[in-house]
Amino acid sequence: MKGTGTRFIGDHMQNFKEGDMVLTGPDLPHLWKNDKTYQDPENKKGVHGVVIYFPDNFLLNSVFRLDEFEMIAAMLKKSLRGIEITGKTNQAIREMMIELLHLKGGNSIIHLLKILQVIADSSDCKLIADAAYINTNKESEKDRMGHVYEYVMQNYQGKVTLEEAAQISNLSVSAFSRFFKSRVNKSFSDFLTDVRISHACKLLHETNLNISEISYDCGFYTLSNFNKLFKERIKMTPIQYRREFLQTFAAG
């Protein structure tokens with residue numbers, strides 16, 4: 001409802017803003033991390049979200065074995081990779097979620113089923129985590145990954161090292177490298193670069209900073225390296241990316 005930052009779901013990371021809507025299946029790692037500006041009380045920035053929790057054995061699974069609920073059952077199975085909900089469906093579900101906050105008893109269950117049916121019927125939904133993603137997180141390891149994410153998000157604009165991340169995780173460097181790649185489906189170095197490039201995209205959208213300033217602000221101290229890595233991941237240069245975004249925005 002309110003807030004901006006970076007969202008992590010499975011092996012996927014992207015910026016989020018007001019209106020972000022996701023359905024995550026059981027045991028799918030997920031984290032919404034607000035921008036640093038929210039941590040300064042002087043900015044007086046608030047965050048507001050609405051979350052519906054329901055167990056994976058919802059209604060003992062018996063209802064979803066009925067033919068009438070076939071589409072919802074299939075959709076819930078897909079949610080193991082996370083589902084992003086956009087467009088008109090996003091607007092409709094947003095209103096329905098707010099209505100659900102004021103319902104109790106059987107009416108709340110019926111309303112939740114209506115929400116799930118709208119999602120199941122919609123073409124405004126896409127899967128988030130890669131098809132090859134396999135969650136190997138154990139419950140006991142969630143805090144460890146949380147500490148690593150926190151370390152990266154707090155420090156990506158400056159110095160971030162594999163050694164310090166390993167130390168935070170109480171693992172050797174080699175053990176941490178294997179642990180991280182098995183959980184996130186990419187190396188720690190690639191993950192760090194993705195976080196920095198994601199921040200660069202945000203700055204290209206929202207500021208008039210020149211490319212050198214953006215490079216430095218994202219933790220890249222060599223402009224040529226920033227341009228190279230940006231083009232590898234986004235398939236265009238930072239200047240082209242900014243130009244395309246501005247043209248698209250102007251056209252809209």
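Use the structure listed above.
Since this is a predicted model, take the numbers as computed values, not measurements. (Residues numbered from 1 in each chain as written. Predicted model: local features only at pLDDT ≥ 70, side-chain atom pairs only at ≥ 80, totals over all residues. Heavy atoms only, no water.)

Asker: Tell me about the packing of helix α2 (residues 87-100) against helix α3 (residues 105-121), residues and numbers included.
Answerer: Pairs of packed helices are described in terms of their axes, by the angle between the two and the distance that separates them. Here α2 crosses α3 at 170 degrees, and the two axes come no closer than 10 Å. Classified by the interaxial angle, the pair formed by α2 and α3 is roughly antiparallel. Together, Thr 89, Ile 93, Met 96, Met 97, Glu 99 and Leu 100 of α2 and Ser 108, His 111, Leu 112, Lys 114, Ile 115, Val 118 and Ile 119 of α3 make up the contact between the two elements. For the contact of α2 with α3, the class distribution of residues is 8 nonpolar, 3 polar and 2 charged. (Axes fitted to C-alpha atoms, helices over the stretch in contact; angles between N-to-C directions. Helix = DSSP H or I, 4+ residues; strand = E, 2+ residues; numbered from the N terminus. Parallel < 35°, antiparallel > 145°, perpendicular 65-115°, else oblique. Contact = heavy atoms within 4.5 Å. Nonpolar A, V, L, I, M, F, W, Y, C, P; charged D, E, K, R; others polar.)

Asker: Tell me about the pattern of salt bridges, residues and numbers included.
Answerer: Taken as a whole, this structure holds 11 salt bridges when the rule is applied. For Lys 202, the salt bridge goes to Asp 35, with nearest N and O atoms at 3.3 Å. Taken together, the residues Lys 202 in helix α7 (residues 188-206) and Asp 35 in the loop between β4 (30-34) and α1 (70-78) connect sequence positions 167 residues apart. Using a relative accessible area of 10% as the deciding quantity, one classes Lys 202 as buried. Classification of Asp 35 by relative accessible area gives buried; the value is 17%. For Lys 202, the salt bridge goes to Glu 206, with nearest N and O atoms at 3.3 Å. Here Lys 202 and its partner Glu 206 are both found in helix α7, 4 residues apart, which amounts to about one turn of the helix. Within this structure, Lys 186, Asp 190, Asp 194, Lys 228, Glu 232 and Arg 233 form a network of salt bridges that share partners. (Salt bridge = Lys/Arg side-chain N within 4 Å of Asp/Glu carboxyl O. Buried < 20%, exposed > 50% of the residue type's maximum accessible area, 1.4 Å probe, protein only.)

Asker: Give a detailed account of the environment of Glu 70, specifying residues and quantitative values.
Answerer: By the element assignment, Glu 70 lies in helix α1. Using a relative accessible area of 57% as the deciding quantity, one classes Glu 70 as exposed. Along the backbone, Glu 70 and Lys 17 are 53 residues apart, and their C-alpha atoms lie at a distance of 32 Å.

Asker: Break down the side chain of Ser 79 for me, citing the residues and quoting the values.
Answerer: Relative to the helices and strands, Ser 79 resides in the loop between α1 and β5 (83-85). Not counting the four nearest positions on each side in its chain, Ser 79 is found in contact with Leu 23, Thr 24, Gly 25 and Leu 28.

Asker: Explain the sheet that holds strand β3 (residues 22-23) to me, using residue names and the numbers behind them.
Answerer: The sheet built from 3 strands is open, its strands ordered β3-β5-β6 with antiparallel pairing. Strands with a single pairing partner mark the edges of an open sheet, and in this sheet they are β3 and β6 (125-127). (Pairing = 2+ DSSP bridges.)

Asker: So, the packing of α7 against helix α9 (residues 223-234): which residues are in play, and what are the values?
Answerer: Running from N to C, α7 and α9 cross one another at 90 degrees; their axes reach a closest spacing of 10 Å. In terms of orientation, α7 lies roughly perpendicular with respect to α9. Across the interface between the two elements, Asp 190, Thr 193, Asp 194, Ile 197, Ala 200, Cys 201 and Leu 204 from α7 touch Phe 226, Leu 229, Phe 230, Arg 233 and Ile 234 from α9. The residue makeup of the contact of α7 with α9, split by class, is 8 nonpolar, 1 polar and 3 charged.

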